[in-house]
Amino acid sequence: MKKLLPLVSLLLIQPAHANPLEVLHWWTAPGELEAQAILKEALAQQNVDWKNFAIVGAGGNSALRVLQMRALSGNPPDAAQIKGPDIAEWAKMGLLKNIESFVPVKFLDKHLPDIVKKTVRYNNHYMALPLNIHRVNWLWLNKAIFDELQLVPPKTWKQFFIVADKIKQAGYLPLAHGGTAWQDSLLFESVALSLLGADKYRQAFVEFDKTILTSAEMIAVFKKFKQLNLYISKEMQGKDWTFSSQMISDKKAAMLFMGDWVKGMWHASGKVAMQDYLCVDVPESAGLFSYNIDSFVFFNKNSNDLENSNSQTFAHTLLSREFQNNFNIEKGSIPVRLNMDMQAFDSCSQKSYYDFNHAQLVPSFSQNMASSSYLQNEMNKIISYYFNNEEVSAEQTVKRLSLAIRALNK
Ligand code: GAL
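What you see is a predicted model, and the numbers here were worked out from it, not measured in a lab.

Relative to the helices and strands, Met218 is located in helix H11 (residues 216–227). On the accessibility criterion, Met218 (0% relative accessible area) is buried. Sequence separation between Met218 and Glu395 is 177 residues, and the spatial gap between their C-alpha atoms is 9.1 Å.

The phi dihedral of Phe208 falls on the positive side, at around 55°, and the residue is not glycine. Of note, Phe208 is situated in the loop between helix H9 (181–205) and helix H10 (210–213). Judged by relative accessible area, which is 13%, Phe208 ranks as buried. Phi angles above zero are rare outside glycine, and Asn368 is one such case at about 70°. Note that Asn368 resides in the loop between strand S13 (360–363) and helix H17 (373–387). Exposure remark for Asn368: the relative accessible area of 7% places this residue in the buried category.

Around the ligand, the surrounding shell consists of Trp26, Trp27, Glu32, Gly59, Lys83, His134, Trp241, Trp261, Asn292, Asp294, Lys331 and Gln367. One of the side-chain N or O atoms of Glu32 is found 2.6 Å from an oxygen atom in the ligand. In the model, an oxygen atom of the ligand is placed 2.5 Å from a nitrogen or oxygen of the Asp294 side chain. Calculation on the ligand without its partners gives an accessible area of 300 Å², and the protein chains cover 100% of this total. Taken together, the residues that form the shell around the ligand break down as four nonpolar, four polar and four charged. Built from parts of two domains, the shell around the ligand gets at least three residues from each of domain 1 (18–134 + 292–357) and domain 2 (138–290 + 366–408).

In this section: the side chain of Thr119. Structurally, the position occupied by Thr119 is in helix H6 (residues 114–120). Taking relative accessible area as the criterion, Thr119 reaches 15% and is therefore assigned buried. A distance of 2.6 Å separates a polar side-chain atom of Thr119 from the backbone oxygen of Ile115. Residues in contact with Thr119, not counting those within four places in the same chain, are Gly84, Ile87, Tyr291, Ile293 and Met369.

Now for the environment of Gly259. Examined against the element boundaries, Gly259 turns out to sit in the loop between strand S9 (253–257) and helix H13 (261–268). Judged by relative accessible area, Gly259 falls into the buried class, the value being 0%. Distance in space between the C-alpha atoms of Gly259 and Phe345 is 17 Å, their sequence separation being 86 residues. Those residues in contact with Gly259, other than ones at most four positions away along the chain, are Arg135, Val136, Trp138, Trp140 and Leu186.

A few words now on the nonpolar core. Leu39, Ile133, Phe298, Phe314 and Leu318 are the most contacted members of the largest nonpolar core, which has 62 residues in total. The greatest single-element share of this core, amounting to six residues, is contributed by strand S11 (residues 288–298). Membership of the second largest hydrophobic core comes to 56 residues, among which are Leu139, Phe161, Ala254 and Ala370.

To continue, consider the packing of H9 against H17. Each pair of packed helices can be summarised by the angle the axes make with each other and by the distance between the axes. Look at H9 against H17: their axes get within 9 Å of each other, and the N-to-C directions meet at 105°. Taken together, the axis directions place H9 and H17 in an arrangement best described as roughly perpendicular. The segment H9 lies against H17, with Ala181, Trp182, Asp184, Ser185, Leu187, Phe188 and Phe205 engaging Gln376, Met379, Asn380, Lys381, Ile383, Ser384 and Phe387. For the contact of H9 with H17, the residue count by class is eight nonpolar, four polar and two charged.

A few words on the domain arrangement of the chain. Domain annotation of the chain identifies domain 1 (18–134 + 292–357) and domain 2 (138–290 + 366–408). The gap between the C-alpha centroids of domain 1 and domain 2 is 27 Å. Counting residues at the interface gives 35 residues for domain 1, matched by 28 residues for domain 2. Between domain 1 and domain 2, a total of about 2,500 Å² is buried, with carbon and sulfur atoms accounting for 58% of that surface. When the buried area of domain 1 at its contact with domain 2 is split by residue, His134, Asn292 and Cys348 rank highest and sum to 20% of it. Our enumeration of links across domain 1 and domain 2 arrives at two salt bridges. Where Asp281 meets Lys351, a salt bridge forms, and the shortest distance between an N and an O atom there is 3.2 Å. Seen at the junction of domain 1 and domain 2, the total is six residue pairs in polar contact (both at pLDDT 80 or more). Listing elements by their share of the side of domain 1 that touches domain 2, those giving two or more residues are helix H2 (32–45), helix H3 (61–72), helix H4 (86–92), strand S6 (129–135), S11, helix H15 (321–331) and helix H16 (347–358). Per-element accounting of the side of domain 1 that touches domain 2 gives the leading share, seven residues, to H16. When its residues are assigned to classes, the side of domain 1 that touches domain 2 shows eleven nonpolar, 14 polar and ten charged.

So, on to the sheet that holds strand S7 (residues 138–142). Taken in spatial order, the four strands of this open sheet run S8-S9-S7-S10, and their pairing is mixed. Single-partner strands in this sheet number two, and they are strand S8 (173–176) and strand S10 (277–281). Direction aside, the axes of adjacent strands within the sheet are offset by 25° on average. Relative to S9, S7 is paired through three bridges, and the arrangement is antiparallel. Within S9, the residue paired with Leu139 across the bridge is Phe257.

Scoring rules and cut-offs
Residues numbered from 1 in each chain as written. Predicted model: local features only at pLDDT ≥ 70, side-chain atom pairs only at ≥ 80, totals over all residues. Heavy atoms only, no water. Helix = DSSP H or I, 4+ residues; strand = E, 2+ residues; numbered from the N terminus. Buried < 20%, exposed > 50% of the residue type's maximum accessible area, 1.4 Å probe, protein only. Near = heavy atom within 4 Å. Polar contact = N/O pair within 3.5 Å; in protein donor to acceptor, adjacent residues only side chain to side chain. Areas by Shrake-Rupley, 256 points an atom, 1.4 Å probe, with all protein chains shown as cover. Nonpolar A, V, L, I, M, F, W, Y, C, P; charged D, E, K, R; others polar. Domains from an automatic or database assignment. Contact = heavy atoms within 4.5 Å. Core = buried A, V, L, I, M, F, W, Y, C linked by side-chain atoms within 4.5 Å. Axes fitted to C-alpha atoms, helices over the stretch in contact; angles between N-to-C directions. Parallel < 35°, antiparallel > 145°, perpendicular 65-115°, else oblique. Buried area = accessible area lost by both parts, 1.4 Å probe. Salt bridge = Lys/Arg side-chain N within 4 Å of Asp/Glu carboxyl O. Pairing = 2+ DSSP bridges.

Structure representation (structure tokens):
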């Protein structure tokens, strides 16, 4: 009998067969990888074996194209990084699990902010699991250059251009900017939000109001946007956000307009907020918060029987204070859970969390939070074509944008 005991006890402590979960996503950069490792470990505790199906970069555009091909060929992954209005697009096709079968609704109702609930629900059901909130309207500054040139972080666009000219005269590249359509669109969004304000931004990019889209104000936004072209390097054409972020790290450029996933990348390489870099509002956008909520959908497939994982703990783990703390410090985002203690976060994230709860919130249209990714991509192309072609006028562009939205926003 004694001989049997070790064998029996071994069998007893063996974890039940872990449920494999193939996940399509685009978290392949430093910071994203560290955050993903925390997520994989947390799921392993729920007996869920996260299997990477990662498609590099481009802010997710490449990943979403691959997802469409796999789903249309009847072979979707078990889960995918889908966010914003795309959740409803996929849910309408009947391809998604209602996550309430393995995540307690009461728990989500209690711990998620209203805007997050609104974003991940469709037809009164939770159809995606939210993990984190990124802020998009940030201006990042290389602290060494600002100290060396004794520059004050710009709060207005007038101050921004004065600072940019001083940086240029000192021989530094004023603005790191990766030249791809989604990054041009993010840069445009930052200018548009700051000059239009929350209400007109929503009318233009959420309600697609033709009058605002073709107004003199919108033409002025496009002209201000194009002025930024004078401060970037043409050698960055086609480079993803990781390159422009690295230029700030390496003191090769002084400023960067980008979402705070760059903070995750800098954290991964040991850079420290307020020591190596500063985080400030996009000029004239203080009190405004352009949000980007990362979430995952789960496809209707027999293979991923998440219902068998201990559903009471699945959400409790991913929305636990501990996970939300550790995951978001690596990702550069803020917790999606309400009432978090932000002591462990740096002052940039503490500002972001405070502003999320006090500022005017708008969905980031460049990050797929205000329209389907299909319409999003067409808008990106029109905005990017204007930014990169001298001969294209703002007047032509607002008309093109308005027509494209009217044609595609069905
Ligand atoms: C966004 C995503 C972020 C980050 C960023 C850069 O779309 O929501 O989590 O991954 O792309 O890749």
